[in-house]
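# Residue-level structural notes
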Amino acid sequence: MADYCSKVPENVPGPWYVDATCTPCRTCLDVDGADSLIKWNDDETYVYFHEQPIGDAQVAIAEEIMAVCPTAAVGSDGE
Ligand code: SF4
């Protein structure tokens, strides 16, 4: 389970975030529409939410990103 207290600093404020357990394996980037919400940090050592999902379609993308992450690095309990 992702930990809000260890979310990476680039995440935009809001409920969705990536925490420090991102490996990064790239799996989530294969989700259709993922690039509208997440992208690499400058060093490509992890990904982060550059946008919070707005509306049902984008929330569905965020939920899929969470579902496919093998390290459970994606959380939706942030602020
Ligand atoms: S699927 Fe999870 S571990 Fe892999 S790049 Fe995405 S957030 Fe990081």
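Scroll up a little and you will see the structure.
Small disclaimer: the values here were computed from a predicted structure and weren't measured.

## Quick word on the site of the ligand
Every residue near the ligand is listed here: Cys22, Thr23, Pro24, Cys25, Arg26, Thr27, Cys28, Val47, Cys69, Pro70, Thr71 and Val74. For the shell around the ligand, the residue count by class is 8 nonpolar, 3 polar and 1 charged.

## So, the packing of aromatic side chains
Enumeration over the complete set of coordinates arrives at 2 aromatic pairs. Between Trp16 and Phe49 the ring centres are 6.0 Å apart and the planes differ by 40°, which places this aromatic pair in the tilted class. One end of the pair, Trp16, is in the segment before strand E1 (17–18); the other, Phe49, is in strand E3 (residues 47–49), and 33 residues separate them in sequence. On the basis of relative accessibility, which here comes to 8%, the residue Trp16 falls in the buried class. By relative accessible area, Phe49 is classed as buried at 0%.

## Here's the deal with the pattern of salt bridges
Inspection of the entire model under this criterion finds 1 salt bridge. Here Arg26 ties to Glu44 by a salt bridge, and the two come within 4.0 Å at their closest N and O atoms. Here Arg26 is found in the loop between E1 and strand E2 (38–40), whereas its partner Glu44 is found in the loop between E2 and E3, with 18 residues between them in sequence. For Glu44, a relative accessible area of 44% puts it in the partly exposed group.

## Observations concerning the side chain of Gln52
If you trace the backbone, Gln52 turns up in the loop between E3 and helix H1 (55–68). A polar contact is formed between the side chain of Gln52 and the backbone oxygen of Val12, at a distance of 3.1 Å. The residues contacting Gln52, other than those within four sequence positions of it, are Val12, Pro13, Gly14, Pro15, Trp16, Leu37 and Gln58.

Rules of the game
Residues numbered from 1 in each chain as written. Predicted model: local features only at pLDDT ≥ 70, side-chain atom pairs only at ≥ 80, totals over all residues. Heavy atoms only, no water. Near = heavy atom within 4 Å. Nonpolar A, V, L, I, M, F, W, Y, C, P; charged D, E, K, R; others polar. Phe/Tyr/Trp six-rings, centres within 6.5 Å; stacked < 30°, edge-to-face > 60°. Helix = DSSP H or I, 4+ residues; strand = E, 2+ residues; numbered from the N terminus. Buried < 20%, exposed > 50% of the residue type's maximum accessible area, 1.4 Å probe, protein only. Salt bridge = Lys/Arg side-chain N within 4 Å of Asp/Glu carboxyl O. Polar contact = N/O pair within 3.5 Å; in protein donor to acceptor, adjacent residues only side chain to side chain. Contact = heavy atoms within 4.5 Å.

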